Amino acid sequence: MTPHPHPPARSRLVGRSPDCDLVAAGDGVSARHCRLTVTAGGLVVADLGSTNGAFVNGRRVAGPTPVRPGDRVTLAVVGSAGRMGQSLPVPRQSS
């Protein structure tokens, strides 16, 4: 058996549904909102067609989007009057 040059991607489903790997409360969070995947290149977030979107540092995710240490992933920002959903800070790497 030949070892893989990179470990396989690990992903976690995020949403309101209790069958998600990470359950996020909030009226604006979809049942299956987004997927977080750890790849050889780092963490990637992908929206799964949620109604209210997934955001990295305030920018709506349009496709698989890299997430760096210190970035903020937010689920379900609604309108300019307020926010709904969950905000997930990405831990900074220790020096």
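This text follows the structure it describes.
Residues numbered from 1 in each chain as written. Predicted model: local features only at pLDDT ≥ 70, side-chain atom pairs only at ≥ 80, totals over all residues. Heavy atoms only, no water.

### A short note on the nonpolar core
At step 1: By size, the foremost hydrophobic cluster in this structure holds 13 residues, and its most contacted members are Val14, Cys34, Val45, Val56, Val73 and Leu75.
At step 2: At the level of elements, β3 (34-39), β5 (54-56) and β8 (72-75) are the ones that each hand at least two residues to this core. (Core = buried A, V, L, I, M, F, W, Y, C linked by side-chain atoms within 4.5 Å. Buried < 20%, exposed > 50% of the residue type's maximum accessible area, 1.4 Å probe, protein only. Helix = DSSP H or I, 4+ residues; strand = E, 2+ residues; numbered from the N terminus.)

### Quick look at the pairing of β3
Within a regular strand, the side chains alternate between the two sheet faces.
At step 1: Looking at chain direction, strand β1 (residues 10-15) and β3 are connected through five bridges and run antiparallel. Note on β3: the bridge partner recorded for Ser11 is Thr37.
At step 2: Bridge count for β3 against strand β4 (residues 42-47) is six bridges, and the pairing is antiparallel. Along β4, the bridge assignment pairs Arg35 with Ala46.
At step 3: Counted between consecutive antiparallel strands, the loop separating β3 from β4 contains two residues. (Pairing = 2+ DSSP bridges.)

### Remarks on the environment of Gly58
At step 1: Mapped onto the elements, Gly58 comes out in the loop between β5 and β6 (59-60).
At step 2: Look at Gly58 and you get exposed, because its relative accessible area is 57%.
At step 3: A C-alpha to C-alpha distance of 7.9 Å links Gly58 and Arg72, two positions 14 residues apart in sequence.

### Brief notes about the sheet that holds strand β2 (residues 22-23)
At step 1: Read from one edge of the open sheet, five strands run β2-β1-β3-β4-β7, paired in mixed fashion. Sheet topology places β2 and β7 (65-67) at the edges, where each strand pairs with a single neighbour.

### Description of the pairing of β4
At step 1: For β4 and β7, the ladder comprises three bridges, and the chain directions are antiparallel. Bridge pairing links Leu43 to Val67 in β7.

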